[in-house]
Amino acid sequence: MSLIKDKIDPDHLPKHVAIIMDGNGRWAKSRGEQRTFGHKNAIDAVRNAINACNEVHIPYLTLYTFSSENWNRPAEEVNTLMNLLVETLLLEAEEIFSKGLRMHVIGNLEKLPSLVKDQLLRVVELTKENTKGNLVLAISYGAQNEILNAVKNISRDVKEGRVDVEGIDEKLFENYLYTKDFPPVDLLIRTSGEIRISNFLLWQIAYAELQFLDVLWPDFTKDIFFQCIVNYQNKERRFGMTGEQIKIQ
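So, how was this worked out
- Residues numbered from 1 in each chain as written.
- Predicted model: local features only at pLDDT ≥ 70, side-chain atom pairs only at ≥ 80, totals over all residues.
- Heavy atoms only, no water.
- Pairing = 2+ DSSP bridges.
- Helix = DSSP H or I, 4+ residues; strand = E, 2+ residues; numbered from the N terminus.
- Axes fitted to C-alpha atoms, helices over the stretch in contact; angles between N-to-C directions.
- Salt bridge = Lys/Arg side-chain N within 4 Å of Asp/Glu carboxyl O.
- Buried < 20%, exposed > 50% of the residue type's maximum accessible area, 1.4 Å probe, protein only.
- Core = buried A, V, L, I, M, F, W, Y, C linked by side-chain atoms within 4.5 Å.
- Contact = heavy atoms within 4.5 Å.
- 1 Å grid on protein atoms, 1.4 Å probe; cavity = no way out; pocket = protein on both sides within 12 Å on 5 of 7 lines; lining within 4 Å.
- Points joined across faces, edges and corners; volume = space filled by probe spheres on them.
- Nonpolar A, V, L, I, M, F, W, Y, C, P; charged D, E, K, R; others polar.

**Quick look at the sheet that holds strand E3 (residues 101–106)**
Ordered in space as E3-E4-E2-E1-E5-E6, the six strands form an open sheet in which the pairing is parallel. Because the sheet does not close on itself, it has two edges, and the strands there are E3 and strand E6 (209–212). The sheet shows a mean angle of 20° between the axes of neighbouring strands, taken without regard to direction. Sheet topology places strand E1 (residues 16–20) next to strand E5 (residues 187–190); four bridges connect them, and they run parallel. If you follow Ile20 over to E5, its bridge partner there is Arg190.

**Concerning the pattern of salt bridges**
Once their charged atoms are close, side chains differing in charge can pair, the charge on each being opposite to the other. What the rule picks out here adds up to 15 salt bridges. The partner of Asp22 in a salt bridge is Arg26, and the shortest N-O contact between them spans 3.2 Å. Take Arg26: its relative accessible area is 35%, and that puts it in the partly exposed class. Residue Glu160 is joined to Arg162 by a salt bridge in which the shortest nitrogen-to-oxygen separation is 2.4 Å. Exposure remark for Glu160: the relative accessible area of 48% places this residue in the partly exposed category.

**Comments concerning the nonpolar core**
By size, the foremost hydrophobic cluster in this structure holds 45 residues, and its most contacted members are Val17, Ile19, Leu61, Met103, Leu120 and Phe225. Residue contributions to this core peak at eight residues, all from helix H4 (residues 75–98). In contact with Val17, not counting residues within four places along its chain, are Ile58, Tyr60, Leu61, Thr62, Leu187, Ile189, Phe225 and Ile229.

**A few points about empty space enclosed by the protein**
Any empty space left between the atoms is revealed when a probe the size of a water molecule rolls over them. For the structure on display, the rule yields one cavity of 30 Å³ or more. Counted as a void, the largest cavity has a volume near 70 Å³. Contributing to the lining of the largest cavity are Ile50, Cys53, Asn54, Ile58, Leu61, Leu101, Lys132, Gly133, Asn134 and Leu135. For the lining of the largest cavity, the secondary-structure elements that each account for two or more residues are helix H3 (43–55) and strand E4 (133–141). For the lining of the largest cavity, the class distribution of residues is six nonpolar, three polar and one charged.

**Examining unusual backbone geometry**
For His57, which is not a glycine, the phi torsion comes out positive at approximately 65°. By secondary structure assignment, the location of His57 is in the loop between H3 and strand E2 (60–67). Residue class for His57 comes out exposed when judged on its relative accessible area of 63%. Its identity is not glycine, yet Ser192 carries a phi of approximately 95°, on the positive side.

This is how it looks when you write it as structure tokens:
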């Protein structure tokens, strides 16, 4: 039994946690290995995040799996990541299904190799009726591209008379994002000690609590996740209001 988990208030949980899984390369380098060694050893950390989220019943977990900028990495590393993604999905699909999780994928899937895309869509289809939680993989994803695509699609609908310019507000805009069916992010976690967002869910984290950890991703454990939830619960989320206003709501 985790003592840290026992500190979590089940009535004050975030609905949506997003994680920037960073530090695989440095973890491998510290062990005298190639970067790809770090990616292969990051699978346990992914399991830890999913299981921890499932144990405390947080309904949405989004993992930054592969960014649009990651295509610029060396071809060998990109190929390793793509192959590893397929292998992991093959191994973990039944586990994801048995936990009652529904898997979603966001990003520019057209850039993915056909085998990767097909495997992703297979697991999405397999889990589409599950209702115990949502696992969202951001793959070939970039927030700036997501926002630009939303603007283009809204512009097209305005031109064709389906949208009134005066009716464009935050709610309408969100309906054009990949994440239109998900709640906003409450808690964003980034590992590796880097303090930046890296083009991840820029719109969706507008009021998220941000936690930057001095932990490389392959060393991420369930207790680290639980501690992040405890830290989140110790924050006063004001959404632009004063602390006094929050207390009287």
